[in-house]
Amino acid sequence: MARRLLAATSALLLSLEAAADNFPFMTLQTAPFLPPQVSVTKSGHTDPGYIFVGPRGNQELGTAALIYDEDANLVYQGPQEVTANFKVQKLFNEDVITFWAGNMMKLGFGYGIVHILDNTYREIYTVTLQDNFVSPDGQPRDSYIDLHESHVTHRNTLLVTAYNVTQHDLTSIGGRPDDHMLDGKFYEIDIATNEIVFSWSALEHLRDIPLEDSKQGWGDDVGSQETPYDAYHINSVELMEDGYIISLRHFWSGYFVHNNGSVLWRLGGDKGTGDFEIDDNASFSWQHDIRIYNETEEGFQMSLFNNANTPTDEVAATTGLSFDVDMVNRKVHTHRVLNDTDDVIHSVSQGSYQLLSEDTQHVLLGYGSIARVKEYDSENNEVLTVQFGEDNAVASYRGYKCQWKATPFWKPAMVAQRTGPDSILVHMSWNGATEYDNWAVYSSAYSDGSDPKFEAIVERTGFESRIELHGLPSGFLQVTARKGDIPLGTSEVASLQTEVGTETEVGSVQIEAGN
């Protein structure tokens, strides 16, 4: 498993521009979207929540932050852009949705902004990062936040990763004295003020994290500013009692960084490395998403997504792992191994491990470069699989399952099409709305919708509902999304055209939040 790879393979980790995706897409009348039509398989009881993914590799109109329900219905599509870490988090004791959006580099990282939206999808905070950065192309960026991490802490700060091109002597690993490499950095940013409250650089701690320990091998085509060597590949940051734990994928390790910036210990996935004795099942490699639970002075639980593979090295099945970490005796005992033996996956990059509930102990694994998420129950049995693209053609950096309630600030959308002299086909939707269950349809003789006449009730059916109405030769139409008898949102008024085949669209689906 310790096979060393050419550094050039890091360029493949996040740039899924490969095979064409023949997975089915949704075609909607009320929205300019083309999201994947997900496939859902349930084999047991699941925890409540919606599926949050940020696919890329689909057609352009399906590259966005997406929410689906367990019945394979689209609930929300955000702006057309590359996103990562799309999920629900707590900020100032309120549920918000957060996501990174920006430009993804072929080198395996990105430059972007973290957007924070309330339960109406209004953007309430926009987090950016400016510091002394050098990019591979030498061009400045509006924000240098990397795609790998955007984690809200209990102190209402945001933990983010960043990559900085740095000139460094790499002769000890086969390079040249004036070569370039990527420094793995992380920041803690105050969300309300956008001020940096803590920053840390891996390259400033060579004694504790020597470059010679990196599993990322050296290649002849790396070392320039345009193709710097990626020794660390930092991909997660988690707050702990007296500091932070970071995941360095290319060291197969988690490192504890004290509040003063010093590195106090290493938990290595390769036996014989680090400061802990690990059991036979605790080995991991090329990992992502280290998370900490139930921390005490004696120890804690830790989870991670164990890729165990790279684009050029298929080693073992990708698993979700959790450990009991004994800080007193410096021992690691494997607590859980999550692997669907009926659907063995080799995820070469990206991925996530989400404990859905301390009570149920259900876990959702996002498989990164493989376009699937899976939920496991407390007995480690797979109970839900959601697929949103073809394997190795579509990726979502992480995947989450989150409980979420939202009533958008924008109005519902409606398209009315005359299908005959006496018939009108009406489609209606409300992008992002979770609380309505039916539509009330009204006609009116007036362009402002006054003196409305009730026409029909339409049950909510997924993202988009429809009804064919008869006996409406002319006039105007309007629809209201309701929960029971309670109105939650009303569309604009649509004019009913008299010519067969013509259609009127009103209240076009809104996706401004995050632009």
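Just above sits the structure.
The notes below deal with the structure included here. (Residues numbered from 1 in each chain as written. Predicted model: local features only at pLDDT ≥ 70, side-chain atom pairs only at ≥ 80, totals over all residues. Heavy atoms only, no water.)

Another point: the overall build of the chain. A count of helical and extended segments in the chain gives zero helices and 37 strands. At 25 Å, the chain has a C-alpha radius of gyration in line with the 24 Å of a compact globule built from 515 residues. For the chain, the C-alpha atoms occupy an extent of roughly 80 × 50 × 40 Å along the three principal directions. Expressed as a percentage of the 515 residues in the chain, the buried residues total 61%. Taking the intrachain contacts of the chain between residues at least 6 apart in sequence as the baseline, contacts between residues at least 24 apart amount to 58%. Total accessible area on the chain is roughly 19,800 Å²; 45% of this is exposed by carbon and sulfur atoms. Where the 33 positive side-chain charges of the chain centre and where its 74 negative ones centre are 1 Å apart. (Helix = DSSP H or I, 4+ residues; strand = E, 2+ residues; numbered from the N terminus. Rg over C-alpha atoms; globule rule 2.2 N^0.38 Å. Buried < 20%, exposed > 50% of the residue type's maximum accessible area, 1.4 Å probe, protein only. Contact = heavy atoms within 4.5 Å. Areas by Shrake-Rupley, 256 points an atom, 1.4 Å probe, with all protein chains shown as cover. Lys, Arg positive; Asp, Glu negative; His and termini not counted. Charge placed at Lys NZ, Arg CZ, Asp CG, Glu CD.)

A surface patch of like charges, here negative, comprises E241, D242, E295, E297 and E298. Relative to the helices and strands, E295 resides in the loop between β18 (288–293) and β19 (299–306). (Patch = residues over 30% accessible without salt bridge, like charges linked within 9 Å, V, L, I, M, F, W, Y side chains within 5 Å. Salt bridge = Lys/Arg side-chain N within 4 Å of Asp/Glu carboxyl O.)

Moving on, we get to the pattern of salt bridges. A full pass over the atoms with the stated rule returns 22 salt bridges. Each of E149, E238, D289, R291 and R398 takes part in one network of salt bridges that share partners.

Moving on to the sheet that holds strand β11 (residues 179–190). Taken in spatial order, the four strands line up as β9-β10-β11-β12 in an open sheet, and their pairing is antiparallel. Each of the sheet's edge strands pairs with one partner strand only, and the pair in question is β9 (150–152) and β12 (196–201). In this sheet, adjacent strand axes meet at a mean angle of 25 degrees when their direction is disregarded. Here 12 bridges tie strand β10 (residues 157–168) to β11, and the two strands are oriented antiparallel to one another. Residue pairing in the sheet places A162 in a bridge with K185 of β11. (Pairing = 2+ DSSP bridges. Axes fitted to C-alpha atoms, helices over the stretch in contact; angles between N-to-C directions.)

Strand pairing in a sheet relies on backbone hydrogen bonds. The paired strands run either parallel or antiparallel. Reading across from one edge, β4-β3-β2-β28 is the order of the four strands in this open sheet, with antiparallel pairing throughout. Sheet topology places β4 (74–77) and β28 (399–402) at the edges, where each strand pairs with a single neighbour. This sheet shows a mean twist of 20 degrees between the axes of neighbouring strands, independent of strand direction.

Among the nonpolar cores identified, the biggest contains 53 residues, and F186, W200, Y232 and I246 are the most heavily contacted of them. Residues C402, A406, Y436 and L472 belong to the second largest nonpolar core, which totals 39 residues. (Core = buried A, V, L, I, M, F, W, Y, C linked by side-chain atoms within 4.5 Å.)

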